[in-house]
Amino acid sequence: MPKLHDLEPMIMDCWHVCDDLQVVFRQIGDGERDPTHDELMNTLMGMQQLYQWKFQQLFNKYEDVIQSTLPSKEIRAMTHEERQRSKEKEQSNDSSSKQQQRGYTPALPI
């Protein structure tokens, strides 16, 4: 069962995108030679794919953690009486909002 603290190393691993971009910046600005257009594009496309995978794996783990922390009680179907009350309340809300849209304001008792 995954725990919330299982997310920490994955989150920290995703921060490496900043370090990886710093390497690219140093190569462009201070490298012995400028990367070719193809080298730069291949590097950036590879980084993009790598971090899409990392973030997808992080999100999947996050969903697992959330799922494991939710109560495991099953959601039961509403009874006939609950459905009827819900329907009546919905109809009441609909008629109230229609009256407000028409500018109708019920009289308040004095």
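Residues numbered from 1 in each chain as written. Predicted model: local features only at pLDDT ≥ 70, side-chain atom pairs only at ≥ 80, totals over all residues. Heavy atoms only, no water.

Caption draft 1: Here's a closer look at the environment of Tyr 51. Tracing the chain through its elements places Tyr 51 in helix H3 (residues 37-69). Residue classification places Tyr 51 among the buried residues on the basis of a relative accessible area of 4%. Ignoring any residue separated from it by four or fewer positions in sequence, one finds Tyr 51 in contact with Asp 13, Cys 14, His 16, Val 17 and Asp 20. (Helix = DSSP H or I, 4+ residues; strand = E, 2+ residues; numbered from the N terminus. Buried < 20%, exposed > 50% of the residue type's maximum accessible area, 1.4 Å probe, protein only. Contact = heavy atoms within 4.5 Å.)

Caption draft 2: Layout of the confidence of the model for the protein chain. Across the protein chain, the average pLDDT comes to 83, with 80% of residues at 70 or higher. Considering each helix and strand of the protein chain separately, the mean pLDDT is smallest for helix H4 (residues 80-101), with a value of 77, and largest for helix H2 (residues 16-30), with 93. (pLDDT = per-residue confidence, 0-100.)

Caption draft 3: Quick peek at the environment of Leu 7. If you trace the backbone, Leu 7 turns up in helix H1 (residues 7-14). Along the primary structure Leu 7 and Leu 58 are separated by 51 residues, whereas in three dimensions their C-alpha atoms are 7.1 Å apart. In contact with Leu 7, other than residues within four places in its own chain, are Leu 58, Lys 61, Tyr 62 and Val 65.

Caption draft 4: Seen up close, the packing of aromatic side chains. In this structure the tally under the stated criterion is two aromatic pairs. Pairing Tyr 51 with Phe 55 gives two aromatic rings, centres 6.4 Å apart and planes at 50°, and the pair type is tilted. Separated by four residues within a single helix, Tyr 51 and Phe 55 lie in helix H3, roughly one turn from each other. Plain terms: the ring middles of Phe 59 and Tyr 62 are 5.9 Å apart, the flat faces sit at 35° to each other, and that makes the pair tilted. Here Phe 59 and its partner Tyr 62 are both found in helix H3, three residues apart, which amounts to about one turn of the helix. On the basis of relative accessible area, Phe 59 is assigned to the partly exposed category, the value being 42%. (Phe/Tyr/Trp six-rings, centres within 6.5 Å; stacked < 30°, edge-to-face > 60°.)

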